Amino acid sequence: MSTLPVRVRFAPSPTGYLHVGGARTALFNWLYARNRGGKFILRIEDTDEARNTPEAMAAIFDGLRWLGLDWDEGPEIGGERGPYFQSQRKSIYDDYLARLTAAGRTYEDGGAVRFKFSRQPINVPDLVCGDVQFAATEEPDMTVRRPDGSYIFHFCNVVDDIEMGITHVIRGEDHLSNTWKHTDLFHAFGKHPPRYAHIPLILNPSGSKMSKRDEGAAVSSYIQDGYLPDAVFNYLCLLGWTPRAEKEKLDRAALITLFEVSDVHSANARFDMEKLKWFNAQYLREMSPDELLAAATPFLKTAGISTDASFAAAALQSVKEKVSLLTEFPGWVHFFFREDFPFEADAVTKLKSKPENKVLLEAAAAHFSTFADWSEHGIHKAIEEVAALQSVKPGVLMPLLRFALSGQTRGPGVTTIANLAGK
RNA sequence: GACCCCUUCGUCUAGCGGUUAGGACACGUCCCUUUCACGGAUGCGACAGGAGUUCGAUUCUCCUAGGGGUCGCCA
C-alpha cells in the first residue's frame, strides 16, 4: 500500500461567482486533507483569458475564506509547486506537450494540436462510484492546444495534477464522463492517475442543476443573507455525505474526524434552504452575546441601527431564539434603538377599539412613574400591582404594554423590554 | 443520438438478505407560555415498475421507466 502524503486541490475557474457546488467540492477536499494530515491546494484555472474577471477571482478567495477553507498552497500563500495560476504555467505545458509529441501522441490539425487517444477500453476506479468502465472511444481526438498557443482544460488539468503531486482528485460528478480522457493522458505521460472521487451534484429544489438564477447558487448570497459560515459549512457537508454520528449538527473538528470519502453518496442531492435556515438558527442560538453582537452589527448598521448602546448585546440576546438569519435582527430590535418606532397599523386599530385599554395604559404609566425598583423582577411586580388595582389579570396588561413599548405584537418579554429600554 | 452516474417519506438520508423500514428539515396536533418564538411530546409520510436468484428481497442480477451528467479550439 502506498502511503504518499495526501495532496488534494480545488481548481476553480474565475469566470463568474463561487458556486455553492464548487464550495462543497472545496469543502470535501479540505476535509479530506485535514482528516489525513495532507495538503489542500488552491489552483486557479484561468486559461481562458477572455472570460476571467478580477471580481470572480475575489469571490473565490472571499468565499473560501468565509467558509474557513484555508489552503496550504496557492495564490497569496505560495508553495513549492507553483505558480498556482495556470496562466503562469505555459512553459510547463510546452514542456509536457513536447514529451507527448516525442512519444508520437500528437498531431497538428488546422493550427491546433490534438492528442491521439489510445482507443483502448479504460477503467476508472472511483472511490465513490466504484469501477467505471469506458469502452474504446470513437470520439475525435482531443484538442490540447489552440492555434494561439494556449492550452485546453483537460491538458492543463492533468499536467498540473502531475506536477503538483496530486494524490486524490475529489470533484463534481459532471467530470466523471471525461475522466477516461485524463487517464489516457496520464498513461501517455507514463504516470499513474491519482485516485478519483466523483461527488454528487447539488441540484435546485426542482431537481435540475443549480444555476445562477437559483436561490443560493452563489456563496456570496449566504454572506449577504445573514447566514453563519459554520452553519453553511455544516449543512453543505450533509449534502451527499452522512457522517457516522448520532446527530447532524457537528462542529468542524468532528466533521474532520468523521470524514470518509468512500462514505460519500453517488446520488445527486437537492438543496433545501429551509434546513439550512434551521441549522443557522441552531448556530445563532449558541453564540455568546459578544459573538452575536459582532456578527449582527453589520446587518443592523445596514438597517440604520447603531449598536453602540450599552444594552445592544442584551437586546440581541433577547430575540435570538426568534430569528434564523442575521438579517432578521433589525426587524426585531429596532424599537430599542429609536424613539419614533412605527406601530403595527392593524394592532393600533384593534387596541383603540376598546376604550378601557386607554384607562389601563394611563394607570400603568402613572404607577410606573412612582416605581423605584426598575429591574425585571421589580417591573413584573409593578405590572401585577397595576393589574390588581384595575381588577384585571396581568395577562390583559402585557399585550398593551408590549405594544406601547415596541409598536409590535410580538417580541421579547414585556419586562425584558422595559428593563432594557430603561425607565 | 451515444456513453456515464443515479432512483427509500415533500426534501436530506439510515439500511449493506429476515427491521413494527430508523433519523433530520418541513408540515399537523398537544403541552409549556404575557406575545412571537424556543423547548418537550406526538402524528402524517417512502423502498419507481417488472422479471429473476433465494426458504425469504428495500438490500443481489437483468430489463423498462424516470432524473442527472458528458460528448468544444469552455472550464
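See the structure shown above.
Our subject in this report is the structure included herewith.

Turning next to helix α12 (residues 329-337). Taking burial as the measure, the nine residues of α12 include seven buried ones, the bulk of the element. Taken together, the buried positions of α12 are occupied by Phe 329, Pro 330, Trp 332, Val 333, His 334, Phe 335 and Phe 336. The secondary structure elements touched by the buried residues of α12 are α9 (273-285), α10 (289-302), α11 (312-317), α16 (394-406) and α17 (414-421).

The local shell around RNA strand B holds 56 residues, among which Arg 51, Arg 146, Glu 321, Thr 409 and Gly 411 are the closest. Within the side chain of Asn 178, one N or O atom sits 3.1 Å away from a sugar or linking oxygen of RNA strand B. In the environment of RNA strand B, a sugar or linking oxygen lies 3.0 Å from a nitrogen or oxygen atom belonging to the side chain of Thr 242. Counting only elements with at least two residues in the surface near RNA strand B, the list comes to β4 (112-115), β6 (130-134), α4 (153-163), β11 (269-270), α9, α16 and α17. The leading source of residues in the surface near RNA strand B is α9, at five residues. By residue class, the composition of the surface near RNA strand B is 16 nonpolar, 20 polar and 20 charged.

Pairing in this open sheet of three strands is antiparallel, and the strands run β3-β4-β7 from one edge to the other. Only two strands of the sheet have a single neighbouring strand rather than two, namely β3 (106-109) and β7 (142-145). Ignoring strand direction, the axes of neighbouring strands in this sheet form an average angle of 45°. As judged from the three bridges shared by β4 and β7, these two strands associate in the antiparallel manner. Bridge assignment links Val 113 to a residue of β7, and that residue is Arg 145.

Core analysis: the biggest nonpolar cluster contains 79 residues, and Leu 31, Phe 271 and Phe 329 have the highest contact counts within it. Top contributing element to this core by residue count: helix α1 (residues 20-36), with nine residues. Excluding residues within four positions of it along the chain, Phe 271 makes contact with Val 20, Ile 202, Leu 203, Pro 205, Met 210, Tyr 222, Tyr 235, Leu 236, Leu 239 and Leu 276. With 32 residues, the next largest nonpolar core counts Ile 41, Phe 117, Leu 185 and Ala 188 among its residues.

On to the layout of surface pockets. The space that makes up the largest pocket amounts to roughly 1,100 Å³. As for the largest pocket, its lining consists of 35 residues, and the residues nearest its centre are Pro 12, Ser 13, His 19, Asp 174 and His 175. Of all the secondary-structure elements, those providing two or more residues to the lining of the largest pocket are β1 (7-10), α1, α4 and β8 (168-172). Of the residues forming the lining of the largest pocket, the biggest block, four residues, is contributed by α1. Its residues placed into classes, the lining of the largest pocket shows twelve nonpolar, 13 polar and ten charged.

About the thresholds
- Residues numbered from 1 in each chain as written.
- Chains lettered and ligands numbered in written order.
- Predicted model: local features only at pLDDT ≥ 70, side-chain atom pairs only at ≥ 80, totals over all residues.
- Heavy atoms only, no water.
- Buried < 20%, exposed > 50% of the residue type's maximum accessible area, 1.4 Å probe, protein only.
- Helix = DSSP H or I, 4+ residues; strand = E, 2+ residues; numbered from the N terminus.
- Contact = heavy atoms within 4.5 Å.
- Near = heavy atom within 4 Å.
- Polar contact = N/O pair within 3.5 Å; in protein donor to acceptor, adjacent residues only side chain to side chain.
- Nonpolar A, V, L, I, M, F, W, Y, C, P; charged D, E, K, R; others polar.
- Pairing = 2+ DSSP bridges.
- Axes fitted to C-alpha atoms, helices over the stretch in contact; angles between N-to-C directions.
- Core = buried A, V, L, I, M, F, W, Y, C linked by side-chain atoms within 4.5 Å.
- 1 Å grid on protein atoms, 1.4 Å probe; cavity = no way out; pocket = protein on both sides within 12 Å on 5 of 7 lines; lining within 4 Å.
- Points joined across faces, edges and corners; volume = space filled by probe spheres on them.

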